[in-house]
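Commentary on secondary and tertiary structure
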Amino acid sequence: MEFVPEYRGVLRLKAREYGHSVMEAPLQYFPCEGKCKLLVLAAIHGEEPETIFLLSRVLRSFEKNFQSIAFILCANPDGVTLGTRGNAHGVDLNRNFPTANWMDSPVGSRSILEAARDTLLSPGSTSGSEPETAALVSLIEDLKPQEILSIHAPIGCVDAPEETPLVQSLEEAFGLTWVPDIGYATPGSLGTWCKEHSLNCVTLELPRLAPELLFERFGAGFATLLENLDSR
């Protein structure tokens with residue numbers, strides 16, 4: 001994939017709204033032209049803006065929407081705007097999905113990867129309580145993708161229950177190791193919700209790198225991977 005300079009300033013894919021955030025920011029996605037095989041989403045955690053940076057730069061190399069891949073560039077716009085992991089209610093959206101194991105206890109997170117869990121977030125007043133979560137669930141149910149790719153940072157791995165062809169492609173493109181489990185419980189997560197609905201969900205945990213280094217090292221390979229997946 002060649003990144004053409006005149007294409008880098010504008011994201012030319014056509015977006016649609018699928019809901020609104022707590023602060024009334026539009027929740028947008030880039031629909032596919034045909035049957036959706038894969039939904040790729042970034043920034044369900046607002047403190048992981050590097051996921052948006054990489055995905056945006058990759059998508060800006062394309063002239064039109066994909067045939068079978070849909071994209072959400074930012075699943076938590078309020079969190080990104082406010083610089084918080086959770087949404088404007090202080091809810092960790094990745095613990096708010098309506099799953100059988102959802103728990104109402106506070107969710108601990110780390111200020112840095114090596115630190116203790118020094119920040120507490122809410123999982124929501126009830127499962128699926130947040131507009132961002134409810135809108136995403138509704139979109140997934142409408143699109144009916146075969147797989148979901150959720151991009152996070154900065155652990156640096158590919159997390160999925162099975163080493164599927166998508167997992168293997170991500171391992172090759174990003175030079176990361178597949179792990180069948182992230183190593184701690186994630187009640188109310190997107191991955192758990194997908195599992196309960198027989199939907200394959202893969203989490204791409206980007207390594208801890210500056211955004212421009214993420215693009216330099218992985219941009220072309222990620223773009224090529226998406227092109228190949230879309231042509232299958």
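Report on the accompanying structure. (Residues numbered from 1 in each chain as written. Predicted model: local features only at pLDDT ≥ 70, side-chain atom pairs only at ≥ 80, totals over all residues. Heavy atoms only, no water.)

1. Thoughts on the pattern of salt bridges
For clarity, the threshold we go by: By definition here, a salt bridge exists when the distance from a side-chain nitrogen of Lys or Arg to a carboxyl oxygen of Asp or Glu is within 4 Å. Numbered from the N terminus, helices here are DSSP runs of H or I no shorter than four residues, and strands are runs of E no shorter than two. For the exposure calls, accessible area comes from a 1.4 Å probe over protein chains only, and a residue counts as buried if that area is under 20% of its type's maximum, exposed if over 50%, partly exposed in between.
Inspection of the entire model under this criterion finds three salt bridges. Of the charged contacts, one joins E48 and R85 as a salt bridge, the two residues approaching to 3.4 Å between their closest N and O atoms. Of this pair, E48 sits in the loop between β3 (38-42) and α1 (50-59) while R85 sits in the loop between α2 (77-82) and β5 (107-110), placing them 37 residues apart in sequence. Overall, the relative accessible area of 4% leaves E48 in the buried class. Linking R85 and D92 is a salt bridge whose minimum nitrogen-to-oxygen distance equals 3.9 Å. The residues R85 and D92 share a single accessibility class, namely buried.

2. Section: helix α6 (residues 211-231)
We apply this condition: For a helix, the expected span equals 1.5 Å multiplied by the number of residues minus one. A residue's bend is simply the angle between two axes: one fitted to the seven residues ending at it, one to the seven starting at it. Pairs of residues are marked as contacts when any of their non-hydrogen atoms sit within 4.5 Å.
In this model α6 runs 28 Å from its N-terminal to its C-terminal C-alpha over 21 residues, within 8% of the 30 Å that 1.5 Å per residue would give. At F218, α6 shows its maximal bend, which comes to roughly 55°. Looking only at α6, the buried set comprises L214, F215, F218, G219, F222, A223, L225, L226, L229 and D230. In this fold, the buried residues of α6 make contact with β3, α1, β4 (69-72), β7 (147-152), α4 (165-174) and β10 (200-207).

3. Digging into the sheet that holds strand β8 (residues 155-159)
Quick reminder of the rule: Note on pairing: two strands pair once DSSP finds at least 2 bridges between them. Angles here are taken between N-to-C directions and fall from 0 to 180 degrees, while the axes themselves are lines fitted to C-alpha atoms, restricted in helices to the stretch in contact.
Spatially, six strands are ordered β4-β3-β7-β10-β8-β9 in an open sheet, and the strand pairing comes out mixed. Both outer strands of the open sheet, β4 and β9 (178-179), are each paired with one neighbouring strand and no more. One ladder, built from four bridges, connects β8 with β10; its direction is antiparallel. Considered in β10, the bridge of I155 is made with P207. Helix-sheet contacts for α1 involve β3, β4, β7 and β10, and the interaxial angle to β3 is about 130°. Sheet strands touched by α6: β3, β4, β7 and β10. Its angle to β4, the strand with the most contacts, is close to 145°.

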